[in-house]
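Overview (structure and organization)
Below, each chain spelled out in residue letters.
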Amino acid sequence: MAQEEAQKSAEVVAVATTDKEVTIPAPVPEKEVTPPVATEEKAVPEKVMPEAEAEKSVPVKEEETVVAEKVIAPSPEELEKKALEEFKELVREALNKREFTPPAPPVKEEKTEEKKETKGEEKTEEKKDEEKPEEAVEVEEKSSDDVEAKEETKAEEKSDDVAPAETKSEEKAVVPATTEKSEEDGTKTVEAIQESIVSVTPQEPAAPVVAEQEPVEPEEVSIYGVPLLQDERSDTILLKFLRARDFKVKEALTMLKNTVQWRKENKIDDLLEAGEEASEFEKMVFAHGVDKEGHVVIYSSYGEFQNKELFSDKEKLNKFLSWRIQLQEKCVRALDFSNPDAKSSFVFVSDFRNAPGLGKRALWQFIRRAVKQFEDNYPEFATRELFINVPWWYIPYYKTFGSIITSPRTRSKMVLAGPSKSADTIFKYIAPEQVPVKYGGLSDDIGGTVTEAIVKPAAKYTIELPASEACTLSWELRVSGADVSYGAQFEPTTEGSYDVIVSKNRKIGLTDEPVITGSFKVGEPGKIVITIDNQTSKKKKVLYRFKTQPRSDL
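Below is a summary of the structure that appears in this document. (Residues numbered from 1 in each chain as written. Predicted model: local features only at pLDDT ≥ 70, side-chain atom pairs only at ≥ 80, totals over all residues. Heavy atoms only, no water.)

Looking at the packing of helix α4 (residues 76–96) against helix α11 (residues 249–266)
Orientation of α4 relative to α11, taken along the N-to-C sense of each, is 45 degrees, at an axis distance of 10 Å. As the angle between them shows, α4 and α11 are arranged oblique. Remark: the crossing between α4 and α11 carries right-handed chirality. When α4 is examined against α11, the residues Ala83, Glu86, Phe87, Leu90, Val91 and Ala94 are found in contact with a partner set consisting of Val249, Ala252, Leu253, Leu256 and Lys257. Residues of the contact of α4 with α11, tallied by class, amount to nine nonpolar, no polar and two charged. (Axes fitted to C-alpha atoms, helices over the stretch in contact; angles between N-to-C directions. Helix = DSSP H or I, 4+ residues; strand = E, 2+ residues; numbered from the N terminus. Parallel < 35°, antiparallel > 145°, perpendicular 65-115°, else oblique. Left-handed = near helix turned anticlockwise from the far one by under 90°. Contact = heavy atoms within 4.5 Å. Nonpolar A, V, L, I, M, F, W, Y, C, P; charged D, E, K, R; others polar.)

Pasting the structure below:
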């Protein structure tokens, strides 16, 4: 019987253990082993069905995407507006964070030195605080009562962490005894520990105090005399930076920051207020008239760089560069950025007549550096660049290396013309009355519109200027390429009157005055007849204009 009861009890224990331990793992292998065949059979239709559905759904999606592209495709104007809005948001964030005025490097070094000193002081204070409790412990070790009190308190702390709630009543009875001993014998140690804690804690909130001192107000930045994000004028300027970087907003922001920094470093605003006088440079660079679209035209003569008195050393070159920036700034600030219909860019005409050769590398390096500064800091202010009187060696050089030196956007604005085609190239974009006499135009003495005419090879051409009453008739005339004969006479309309020779026939060469002027006091109705005789094998272009004024001596 005893053996049977022992076997029953063992079976009961085995069942209990299996119920507790094997309940979860026992059914799992049975379910995992049985379904693999079924899953393989079911997997085939499951894979086939989505493929059939995908084949049906693919053309529908393609049709939807094509229709969406046709409807949602934005216009260039919409893309420009979107890029401008994104650019303005980035500029606003940069102004709020004051990113246009980075801190000076020496200030950062001082801050780092101060931080090192403060850290060193903190470490020394902490060492002193650590030495104080060690001294207090040495004092405590001398008294046997303090050692017993510490052992009792440590035992109680361990009992608090491990013992259940039933032992709390016993701990309450022990605590007052230990506190009394500590009050009598260990008052000095407690005070030392409190002093060490108080001395360390006030140094922690030092970091947030520095953050509160940072400036909160947004930065105010002006460029070309226009405050950023103040009015519609700012949009016109920001669009120039966007176009210069092909509407890549982040690159345009970097370019704008660099321009603002360059203006601060070179003190452009102070340079404009200084009003530096340099009359010797006015022959080299000057603004004159407008083109056919209304853009202001700026002329530059590179032949003046051969003047050794003006460009003998670096100081004079830098003086010219500062004067050139001053002129550019004056021209830019004279533009109307508030009117969208107004022209906010220039036409640049560069004259290469008698320009220095490639042998003068230092001079050409200076010219390239100056041109690079204007491209980077005055972006999209050039609507067209005309290079006239270009020497023969420059055109093949530009065709070979032009793609490396300039960007495609800049090359699209450049027009090169040799000496024989310079005047025609200028007149293609600028009216003759707006062109200086130096570059093939007419003077400003007479005014009015200019008439153009073509003289065929080996032929004569006559110009008639009518005068219906007594007046003073004035005219000016110019023949491109010259090498023709010129003469003028007055022919009255009344019978019995005689013709009056105003100017005898004379040869006009290339070295003669480019503009021919004349005037005649008319006493009776008639006309001035001008004859131009072209005996060369090339056609000539004639530009002329005239005006009449009533006579005051009658």
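Now that the structure has been shown, we can carry on.
Quick look at the sheet that holds strand β5 (residues 346–351)
The strands making up a sheet are joined through hydrogen bonds of the backbone, oriented either antiparallel or parallel. Taken in spatial order, the five strands of this open sheet run β3-β4-β5-β6-β7, and their pairing is mixed. Bordering the open sheet on either side are β3 (285–290) and β7 (414–416), each of which pairs with just one other strand. With direction set aside, neighbouring strand axes in the sheet form an average angle of 20 degrees. With six bridges connecting them, β5 and strand β6 (residues 382–388) associate as parallel partners. Residue pairing for β6: Asp351 is matched across the bridge by Ile388. Most of the contacts of helix α13 (residues 314–333) go to β5, to which it runs at about 150 degrees, and overall it touches β3, β4 (296–301) and β5. (Pairing = 2+ DSSP bridges.)

Here we look at the nonpolar core
In this structure, Phe87 and Leu256 are the most contacted members of the largest nonpolar core, which totals 62 residues. Taken together, the elements giving at least two residues each to this core come down to α4, α10 (232–244), α11, α12 (268–274), α13, β5, α14 (361–377) and β6. The element best represented in this core is α13, accounting for eight residues. With near-sequence residues (within four places) excluded, Phe87 lies in contact with Leu238, Phe241, Leu242, Val249, Ala252, Leu253 and Leu256. Counting residues in hydrophobic clusters, the runner-up holds 24 residues, among them Ala453, Ile463, Leu477 and Ile530. (Core = buried A, V, L, I, M, F, W, Y, C linked by side-chain atoms within 4.5 Å. Buried < 20%, exposed > 50% of the residue type's maximum accessible area, 1.4 Å probe, protein only.)

Description of the side chain of Ser300
With respect to the element layout, Ser300 can be found in strand β4. The contacts of Ser300, once residues within four sequence positions are left out, are Met284, Val285, Val349, Ser350, Asp351 and Tyr439.

Some remarks on the pattern of salt bridges
Summed over all chains, the structure comprises 16 salt bridges. Via salt bridges that share partners, Arg263, Asp269, Glu329 and Arg333 belong to a single interconnected network. (Salt bridge = Lys/Arg side-chain N within 4 Å of Asp/Glu carboxyl O.)

Regarding unusual backbone geometry
The phi angle at Glu380 is positive, at roughly 55 degrees, despite the residue not being glycine. Assessed through its relative accessible area of 18%, Glu380 is described here as buried. Non-glycine residue Asn389 carries a positive phi angle of around 55 degrees. Turning to its location among the elements, Asn389 is positioned in the loop between β6 and α15 (394–405).

With respect to the sheet that holds strand β12 (residues 500–508)
If you walk across this open sheet you meet the four strands as β9-β14-β11-β12, and the pairing is antiparallel. A strand with exactly one partner marks an edge of an open sheet, and here the two such strands are β9 (459–467) and β12. Here the strands of the sheet are splayed against their neighbours by 15 degrees on average, with no regard to which way each runs. As paired strands, β9 and strand β14 (residues 526–534) are joined by nine bridges and run antiparallel to one another. Following the sheet pairing, Pro466 is matched in β14 by Lys527.

Concerning helix α17 (residues 422–429)
Residues of α17 that are buried include every one of Ser422, Thr425, Ile426, Phe427 and Tyr429, and no others. Each element contacted by the buried residues of α17 is listed here: β5, β6, β7 and β15 (540–550).

Some remarks on the packing of α4 against α10
In contact at an axis separation of 10 Å, α4 and α10 are set at 105 degrees when each is read in the N-to-C sense. Relative to α10, α4 is oriented roughly perpendicular. For the pair α4 and α10, the contacting residues are Glu80, Ala83, Leu84, Phe87, Lys88 and Val91 in the first and Asp235, Leu238, Leu239, Phe241, Leu242 and Arg243 in the second.

Considering the packing of aromatic side chains
Evaluated as defined, the whole model comprises 18 aromatic pairs. The structure contains a cluster of three or more aromatic residues connected by ring pairs, namely Tyr224, Trp262, Phe337, Phe346, Phe348, Phe374, Tyr378 and Phe381. The residue whose ring lies beneath Lys240 is Phe381, and the NZ or CZ to ring-centre distance is 4.5 Å. Sitting over the ring of Phe374, Arg324 keeps its end group 4.9 Å from the ring centre. (Phe/Tyr/Trp six-rings, centres within 6.5 Å; stacked < 30°, edge-to-face > 60°. Lys NZ or Arg CZ within 6 Å of the ring centre and 35° of its normal.)

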